[in-house]
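Below, each chain spelled out in residue letters.
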Amino acid sequence: MNQILDQHHFDRNVEGLCRRYYQGRMGRPSITPGVYFRSLLLGYFEGIEEGLVEGKTVSIDATMLEGNAALRSLVRRENGQRYDEYRKDLAKAAGIENPTREQLARLDRKRKKKGSNKEWKNPYDPDARIAKMKDGSTHLAHKAEHAVDLSSGALLAVTLQGADQGDTTTIHQTLAEAGEAVAELMEHEAVMAPGEEPQVHSGGIEEVVADKGYHSGAVLQALQESACRSYILEPDRGNGKGKRRSRSRYTPTGGGPRVTAASDCSESEAS
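Residues numbered from 1 in each chain as written. Predicted model: local features only at pLDDT ≥ 70, side-chain atom pairs only at ≥ 80, totals over all residues. Heavy atoms only, no water.

Undergrad: Summarise the packing of aromatic side chains; cite the residues concerned and give the values.
TA: Working definition: an aromatic ring pair is given by the centre-to-centre distance plus the angle between the planes. Evaluation of the coordinates by the stated rule reveals one aromatic pair. Here Phe 10 and Phe 37 contribute two aromatic rings whose centre-to-centre distance is 4.8 Å and whose plane-to-plane angle is 45 degrees, an arrangement assigned as tilted. Placement of Phe 10 in helix H2 (residues 10-18) and of Phe 37 in helix H3 (residues 33-46) is noted, with a sequence separation of 27 residues between them. Given the relative accessible area of 32%, Phe 37 is considered partly exposed. (Phe/Tyr/Trp six-rings, centres within 6.5 Å; stacked < 30°, edge-to-face > 60°. Helix = DSSP H or I, 4+ residues; strand = E, 2+ residues; numbered from the N terminus. Buried < 20%, exposed > 50% of the residue type's maximum accessible area, 1.4 Å probe, protein only.)

Right, here's the structure in full:
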């Protein structure tokens, strides 16, 4: 395979194709596109994930992917009216018969909830959602969420979510699909190697790691009810320091469920 790829200058060409997507140093070092392609190809044809999955502790995270659609192509969901036409109607309602681009922009800035996904869609990519990206810009986007086995880094599940859906909403589907993948591997081991010691954790997923975007009382309670211990970074409550806490159980109080932390560590230690 390497000989064939080298003959066609694959690594050099794919580096050039991917260059516009490169970002500055963020998180762990990335893998070069050529190596990543080979890993995916071998994993697909050779099943190299076999023996890599323990299935006990998973990490869940999501990334926003800019859609291949422009905001200027938005149309109203109820009647298909284009965005520019809608703004001109607003101008006429305000007494401006022939508005300039500056006047339209001024009216648009004053309007509340102008980027509502309930009101607008892109006809060429109806699944894309108006969303704010990490750099603060607004684009039509998709949200890809993945679950990774922390014992090896093997990918357990990937789900495509609406970009306007919060992490505390989407985590449940991704975790459920990861659990199904682990269960399938357990069944596979039982059939293929019934007399050998299982490599996949017999209890399935028991621990979930995520960043502060996934922190909410409802998420912690749902994980506790599914017998999952959670390690989720707690958002800054005003003391200037975030903490990653292991949530083990809920105890009722007069004001609702109270989260009891089993163990604490600083954000830097947890990462």
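Resuming the write-up.
Undergrad: Pulling in residues and values, what's your account of the packing of helix H6 (residues 167-192) against helix H7 (residues 217-225)?
TA: Two numbers describe how H6 lies on H7: the axes approach to 9 Å, and their chain directions differ by 20 degrees. What the angle tells us is that H6 and H7 run roughly parallel. Of the two elements, H6 crosses H7, and the hand of that crossing is right-handed. Listed contacts from H7 to Thr 168, Ile 171, His 172 and Leu 175 of H6 are Val 219, Ala 222 and Leu 223. (Axes fitted to C-alpha atoms, helices over the stretch in contact; angles between N-to-C directions. Parallel < 35°, antiparallel > 145°, perpendicular 65-115°, else oblique. Left-handed = near helix turned anticlockwise from the far one by under 90°. Contact = heavy atoms within 4.5 Å.)

Undergrad: Which residues make up the confidence of the model for the chain, and what values go with them?
TA: Overall, the prediction assigns the chain a mean pLDDT of 80, with 82% of residues at 70 or greater. Confidence, expressed as mean pLDDT per element, reaches its minimum in the chain at strand S10 (residues 256-266) with 32 and its maximum at strand S7 (residues 207-210) with 96. (pLDDT = per-residue confidence, 0-100.)

Undergrad: Which residues make up H6, and what values go with them?
TA: Its 26 residues place the ends of H6 37 Å apart at the C-alpha level, agreeing with the 38 Å of an ideal helix rising 1.5 Å per residue. Taken together, the buried positions of H6 are Thr 170, Ile 171, Thr 174, Leu 175, Ala 178, Ala 181, Val 182 and Glu 189. Against the buried residues of H6 lie strand S1 (57-66), strand S5 (138-149), strand S6 (155-162), S7 and H7. (Expected span 1.5 Å × (residues − 1).)

Undergrad: Can you break down a negative patch on the surface residue by residue, with the values?
TA: Residues Glu 177, Glu 180, Glu 184 and Glu 187 make up a contiguous surface patch of negative charge. If you trace the backbone, Glu 184 turns up in helix H6. On the basis of relative accessible area, Glu 184 is assigned to the exposed category, the value being 54%. (Patch = residues over 30% accessible without salt bridge, like charges linked within 9 Å, V, L, I, M, F, W, Y side chains within 5 Å. Areas by Shrake-Rupley, 256 points an atom, 1.4 Å probe, with all protein chains shown as cover. Salt bridge = Lys/Arg side-chain N within 4 Å of Asp/Glu carboxyl O. Lys, Arg positive; Asp, Glu negative; His and termini not counted. Charge placed at Lys NZ, Arg CZ, Asp CG, Glu CD.)

Undergrad: If you had to explain the pairing of strand S4 (residues 129-132) to someone new, which residues and values would you point to?
TA: The side chains of a regular strand alternate between the sheet's two faces. The pairing of S4 with S5 spans four bridges and is classified as antiparallel. Each residue of the ladder has a partner; that of Lys 132, found in S5, is Thr 138. Between S4 and S5, which pair antiparallel and follow one another directly, the connecting turn spans five residues, one of which, Gly 136, has a positive phi of 90 degrees. (Pairing = 2+ DSSP bridges.)

Undergrad: Break down the pattern of salt bridges for me, with residues and values.
TA: Applying the stated criterion to the full structure yields five salt bridges. The partner of Asp 11 in a salt bridge is Arg 38, with the nearest N and O atoms 3.0 Å apart. Of this pair, Asp 11 sits in helix H2 while Arg 38 sits in helix H3, and the two are 27 residues apart along the sequence. Judged by its relative accessible area of 14%, Arg 38 is buried. Residues Arg 76 and Glu 78 are paired through a salt bridge, measuring 3.0 Å at the closest nitrogen-oxygen approach. Three or more residues joined by partner-sharing salt bridges are found here, namely Arg 76, Glu 78 and Glu 119.

Undergrad: I'd like a description of the pairing of S6, backed by residues and values.
TA: The pairing of S5 with S6 spans seven bridges and is classified as antiparallel. Following the sheet pairing, His 146 is matched in S6 by Val 158. In textbook terms, the turn of a hairpin is the stretch between consecutive antiparallel strands, and for S5 and S6 this stretch comprises five residues, one of which, Gly 153, has a positive phi near 85 degrees.

Undergrad: How would you summarise helix H4 (residues 83-93) if you had to cite specific residues and measurements?
TA: Along H4, the residues that are buried comprise Tyr 83, Tyr 86, Arg 87 and Ala 91. The buried residues of H4 occupy an angular sector of 145 degrees when the element is viewed end-on, so they sit on one face. Just downstream of H4 lies Gly 95, where phi reads positive at about 90 degrees. (Arc of directions from axis to C-beta.)

Undergrad: I'd like to hear about the environment of Tyr 83, residue by residue, with values.
TA: Tracing the backbone through its elements, the reader meets Tyr 83 in helix H4. Since its relative accessible area comes to 13%, Tyr 83 is described here as buried. Taking C-alpha positions, Tyr 83 is 7.1 Å from Ser 73, a pair spaced 10 residues apart along the chain.

Undergrad: Before we move on, can you summarise the environment of Gly 213 with the specific residues and values?
TA: By secondary structure assignment, the location of Gly 213 is in the loop between S7 and H7. The class for Gly 213 is partly exposed, based on a relative accessible area of 35%. Sequence spacing of Gly 213 and Leu 233 is 20 residues, and the spatial spacing of their C-alpha atoms is 8.1 Å. Non-local contacts of Gly 213, meaning those with residues more than four positions away in its chain, are made with Asp 167 and Thr 168.

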